[in-house]
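# Architecture at a glance
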Amino acid sequence: RNQLQSILDVCGSSIFRLFNDKSEKCRSLSLECIQSLLLAGINFGRHAAYFIPAIVARYPPGMYDKDMEVFVQNVQLHEFYKRGGAANRQDREGLLSSNTSFQVIEPNEELRLSLCHTFQCLLRGVLATNSGILDAYFSDMILSLQSGLRDPFQEVKIQASLLIVQLLRVPRWEKGAKYFATGLARASIPNCRHRNAR
């Protein structure tokens, strides 16, 4: 365990930088390395400030409009809608049909699924130690994972949904869960209406 902690301390920032590498293989291996380290139960506290932004950067940017209680991917289109322009509210896109646009940062769908697995490993490792290092990153995790609800790859949608449920069940994040509850429900509706939904 001490050896793994030393590896993370020495190589962590270099591995995090590889999340954004041009080579698909490098991105894949870096995620696998971090997943192994996360599951080893070592202390990630010093690296959270580098690790979380590196993972979040692999998801499409977005924001949450608390007034309308919707997640927004295209800020300009959302502002146009709020001013009364002829545009649909973004959470309604794809509600009745599966034709939706989705901005992709990570082009490989298997690596997008691996990003979800990395979040899962992070949650498992941090919740097992009952550490509060993720408290400051709750909204970043929600914003990233909710974009997975719109992903064209079904496995990513399933994994993102499961992770969001896990995040919402953590008692110390109850206030954050209430803050995003309506927006998450609206973002989940298109998946619930899918013909293969269980």
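Scroll up to find the structure.
To start, this report covers the structure provided alongside it. (Residues numbered from 1 in each chain as written. Predicted model: local features only at pLDDT ≥ 70, side-chain atom pairs only at ≥ 80, totals over all residues. Heavy atoms only, no water.)

Moving on, we come to the overall build of the protein chain. Broken down by element type, the protein chain carries eight helices and two strands. Beginning at the N terminus, the succession of helices and strands in the protein chain can be written as α-α-α-β-β-α-α-α-α-α. In terms of C-alpha radius of gyration, the protein chain reaches 17 Å, essentially the compact-globule figure of 16 Å for 198 residues. A principal-axis box enclosing the C-alpha atoms of the protein chain has dimensions of 60 × 40 × 35 Å. Within the span of the protein chain, comprising 198 residues, buried residues form 42% of the whole. Relative to all contacts within the protein chain whose residues are 6 or more apart in sequence, the contacts with residues 24 or more apart total 68%. Entry remark: accessible area of the protein chain is about 11,000 Å², with carbon and sulfur atoms responsible for 52%. (Helix = DSSP H or I, 4+ residues; strand = E, 2+ residues; numbered from the N terminus. Rg over C-alpha atoms; globule rule 2.2 N^0.38 Å. Buried < 20%, exposed > 50% of the residue type's maximum accessible area, 1.4 Å probe, protein only. Contact = heavy atoms within 4.5 Å. Areas by Shrake-Rupley, 256 points an atom, 1.4 Å probe, with all protein chains shown as cover.)

In this fold, lysine 157 is placed in helix α7 (residues 154-168). The residues contacting lysine 157, other than those within four sequence positions of it, are Gly148, Leu149, Arg150, Asp151 and Asn191.

What follows is about the nonpolar core. Nonpolar side chains tend toward joint burial in soluble globular proteins. In terms of nonpolar packing, the biggest core is built from 45 residues, with Ile34, Phe44 and Phe51 touching the most fellow members. Of all elements in the fold, only α1 (2-17), α2 (24-39), α3 (48-56), α5 (109-129), α6 (138-148), α7 and α8 (174-192) reach the threshold of two or more residues within this core. The biggest single contributor to this core is α5, with nine residues. Those residues within four positions of phenylalanine 51 in sequence are excluded, and the remaining contacts are Phe16, Phe19, Ile34, Leu38, Phe44, Thr118 and Leu122. (Core = buried A, V, L, I, M, F, W, Y, C linked by side-chain atoms within 4.5 Å.)

With that settled, consider the pattern of salt bridges. Applying the stated criterion across every chain yields a total of seven salt bridges. The partner of arginine 27 in a salt bridge is glutamate 106, and the shortest N-O contact between them spans 2.9 Å. Within this pair, whereas arginine 27 is found in helix α2, its partner glutamate 106 is found in the loop between α4 (75-82) and α5, the two being separated by 79 residues in sequence. Comparing arginine 27 with glutamate 106, the two get one shared label, buried. Between glutamate 174 and lysine 178 there is a salt bridge, with its nearest N and O atoms 3.4 Å apart. Of the two residues, glutamate 174 and lysine 178 both sit in helix α8, four residues apart, roughly one turn of that helix. Since its relative accessible area comes to 57%, lysine 178 is described here as exposed. Salt bridges sharing common partners tie together Arg27, Arg58 and Glu106. (Salt bridge = Lys/Arg side-chain N within 4 Å of Asp/Glu carboxyl O.)

With 19 residues, α8 should reach 27 Å at 1.5 Å per residue; the first-to-last C-alpha distance of 24 Å falls well below that figure. The largest bend in α8 comes to about 55°, at alanine 181. Looking only at α8, the buried set comprises Gly176, Ala177, Phe180, Gly183, Leu184, Ala187 and Asn191. (Expected span 1.5 Å × (residues − 1). Bend = angle between axes of the 7 residues up to and from the residue.)

The analysis is restricted to geometry; functional conclusions fall outside its scope.
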